[in-house]
Amino acid sequence: MSSHHICIFHFQDFKSRTDLRHIGVCSVDPPGCTDIDDALHCRDLENGNLEVGVHIADVSHFIRSGNALDQEAASRGTTVYLCEKRIDMVPELLSSNLCSLRSNVERLAFSCIWEINHDAEIINTKFTKSVINSKASLTYAEAQMRIGDTSMNDEITRSLRGLTRLAKILKKKRIEMGALTLSSPEFQFHIDSETHNPIDLQTKELKETNSMVEEFMLLANISVAKIYDEFAECALLRKHPAPPPSNCDMLVKAAKSKARHFTSPIRRYSDIIVHRLLAVSIGADITYPDLMDKHKQAALCNNLNYDHKMSQYAQRSSVTFHTQLFFKSKGIVNKEGFILFVKKNAIVVLIPKSGLEGIPTLTVEDTVFRVFDKEKVTISLDASNVQHQKIRMSLVEPVIPGVSVSPQSNCNSEPDAKKPKLER
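Here is what the cut-offs are and how they apply
- Residues numbered from 1 in each chain as written.
- Predicted model: local features only at pLDDT ≥ 70, side-chain atom pairs only at ≥ 80, totals over all residues.
- Heavy atoms only, no water.
- Helix = DSSP H or I, 4+ residues; strand = E, 2+ residues; numbered from the N terminus.
- Buried < 20%, exposed > 50% of the residue type's maximum accessible area, 1.4 Å probe, protein only.
- Contact = heavy atoms within 4.5 Å.
- Areas by Shrake-Rupley, 256 points an atom, 1.4 Å probe, with all protein chains shown as cover.
- Pairing = 2+ DSSP bridges.
- Salt bridge = Lys/Arg side-chain N within 4 Å of Asp/Glu carboxyl O.
- Patch = residues over 30% accessible without salt bridge, like charges linked within 9 Å, V, L, I, M, F, W, Y side chains within 5 Å.
- Arc of directions from axis to C-beta.
- pLDDT = per-residue confidence, 0-100.
- Core = buried A, V, L, I, M, F, W, Y, C linked by side-chain atoms within 4.5 Å.
- Expected span 1.5 Å × (residues − 1).

**Describing the overall build of the chain**
Part 1 of the reasoning: For the chain, the count of helices and strands is 11 helices and 17 strands.
Part 2 of the reasoning: Within the chain, the proportion of its 424 residues that are buried is 44%.
Part 3 of the reasoning: By sequence separation, contacts in the chain at least 24 residues apart represent 67% of the contacts at least 6 residues apart.
Part 4 of the reasoning: Only carbon and sulfur atoms are counted for the fraction: they give 53% of the accessible area of the chain, which is about 23000 Å².

Below, the structure is given as structure tokens:
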């Protein structure tokens, strides 16, 4: 029997856990996702309120402090997602099987369960080690389809509708309190199954279900504030650097809610540490010296921050490399875009379909450019320096003598008609 179908848990693994196997839990992820960190549920309570649960893979059950798995995971710090490859933080047997919250199998989880009223106000919060049996592993598109299909009214579909409705209220409240949504478009490549070269480049389409999952993961990370009260000197916090002032001159200040790393222990070692601290705080596990040593935790955080930064560089480099491969085969491509920023000697143009941002260099007078103006550009690969190939963007319209270039009538602006493979 394949290792992907083997899962043996001892009775002791379930003994001290809350049994949630009867609840209609499901996961919602990108297509092809196998390292499923999280699952959710929403159901009615007899008192008229709702019970909402976020269930996170209990990786710390398998990776105990100081063992070989723990040392390697701490060294790696994070899973790295490249365009055609995933470099796991933990072995695949854990990341894609024993820890992954796949459907129709029993899995160990760390659950955050709220009682919430219909105005999305939290009545109470409970954390517990649990055992679940997810009833469905859905993609964002599949979950969205269920929500919109009026002929479907099963337990999972009702749960998804309840979660989506609450998520909209939660997001509205966050924005009203000054929360900012700062994000860049994410690429997805269609890869030729034979050559492994990219044959199309698009931005990822975000659906309501993307936002739904994001809202409840954020709520869970914020709810873990319990451990900060008990372990103020060694609790790990999520901290994002402040955006440059020039990007935020006209924006309100962000709300200062504290958030922990909790929802992605399969791919972030920091979340494993938070799970261990939380388990101690609710009496589900015992502590160990290194966990309470703020100097060792500080050294660990330095390594994790470095690993995270390097993984971001690797992921961006992978996107850049595949983008260059794509345009290398296309020659010069005509595209329409919109101005994002106007600078002293350049404009930043966004190509909506592909998510590309380019900077056609300009030295002009008596020409007015405005943010969100539509422009036409050509895109090509500049391979004049083999060591430093780059994507070059040139202005076509508006026509400016001495600056604009002619549109390429023979360029391949559409992808090859081959059956693609969708990459995360």
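**Some thoughts on the pairing of strand β3 (residues 38-44)**
A regular strand carries its side chains on alternate faces of the sheet.
Part 1 of the reasoning: Counting buried residues along β3, 5 of its 7 residues qualify, which places the element largely inside the surrounding structure.
Part 2 of the reasoning: In terms of strand pairing, β3 meets strand β4 (residues 50-57) through 7 bridges, oriented antiparallel. The residue bridging Leu-40 from the neighbouring strand is Val-54, located in β4.
Part 3 of the reasoning: Connecting the antiparallel pair β3 and β4 is a turn made up of 5 residues, with Gly-48 showing a positive phi of about 95°.

**A short note on the pattern of salt bridges**
Part 1 of the reasoning: Taken as a whole and judged by the stated rule, the model has 19 salt bridges.
Part 2 of the reasoning: Between Arg-76 and Glu-72 there is a salt bridge, with its nearest N and O atoms 2.8 Å apart. Here Arg-76 and its partner Glu-72 are both found in helix α2 (residues 68-76), 4 residues apart, which amounts to about one turn of the helix.
Part 3 of the reasoning: A relative accessible area of 39% means that Arg-76 is categorised as partly exposed.
Part 4 of the reasoning: We classify Glu-72 as partly exposed; its relative accessible area is 40%.
Part 5 of the reasoning: Taking the shortest distance from any N to any O, the salt bridge between Glu-205 and Lys-207 comes out at 3.3 Å.
Part 6 of the reasoning: Under the relative-accessibility criterion, Glu-205 is labelled exposed at 60%.
Part 7 of the reasoning: Accessibility expressed as a relative area gives 27% for Lys-207, which makes it partly exposed.
Part 8 of the reasoning: In this structure, a network of salt bridges that share partners links the residues Arg-17, Asp-58 and Lys-129.

**Side note on a nonpolar patch on the surface**
Part 1 of the reasoning: Together, Tyr-306, Met-310 and Tyr-313 make up a nonpolar patch on the protein surface, roughly 320 Å² of accessible area in all.
Part 2 of the reasoning: One can find Tyr-313 in helix α11 (residues 294-330).
Part 3 of the reasoning: Given a relative accessible area of 42%, Tyr-313 falls into the partly exposed group.

**Considering helix α4 (residues 140-148)**
Given 3.6 residues per helical turn, the α-helix brings residues three or four places apart onto the same face.
Part 1 of the reasoning: Those residues of α4 not exposed but buried are Tyr-140, Ala-143, Arg-146 and Ile-147. An end-on view of α4 places all buried positions within 125° of arc, on one side of the element.
Part 2 of the reasoning: Taken together, the buried residues of α4 touch β2 (26-29), β9 (136-139), α5 (155-176) and α6 (208-223).

**Things to note about the confidence of the model for the chain**
Part 1 of the reasoning: Chain-level pLDDT for the chain is 84 on average; 82% of the residues reach the 70-or-more range.
Part 2 of the reasoning: pLDDT under 50 marks residues 247-256. Its contacts with residues more than four places away, or in other chains, come to 11 contacts.
Part 3 of the reasoning: With pLDDT under 50 throughout, residues 410-424 is counted as low confidence; its partners more than four residues away or in other chains account for 40 contacts.

**Considerations on the nonpolar core**
For soluble globular proteins, the rule of thumb is that nonpolar side chains tend to be buried together.
Part 1 of the reasoning: The biggest cluster of nonpolar side chains holds 36 residues, and the ones touching the most others in it are Trp-114, Leu-160, Phe-216 and Phe-262.
Part 2 of the reasoning: In this structure, Phe-262 is in contact with Ile-56, Phe-110, Cys-112, Phe-127, Ala-220, Asn-221, Val-224, Asp-271, Val-274, His-275 and Leu-278, ignoring residues within four places of it in sequence.
Part 3 of the reasoning: If you look at the next biggest cluster of nonpolar residues, it comprises 29 residues, including Ile-63, Val-90, Leu-277 and Leu-291.

**Points about α6**
Part 1 of the reasoning: Here α6 contains 16 residues, and its C-alpha end-to-end distance of 23 Å stays within 8% of the 22 Å for a straight helix at 1.5 Å per residue.
Part 2 of the reasoning: Across the 16 residues of α6, 12 count as buried, placing the element largely inside the fold.

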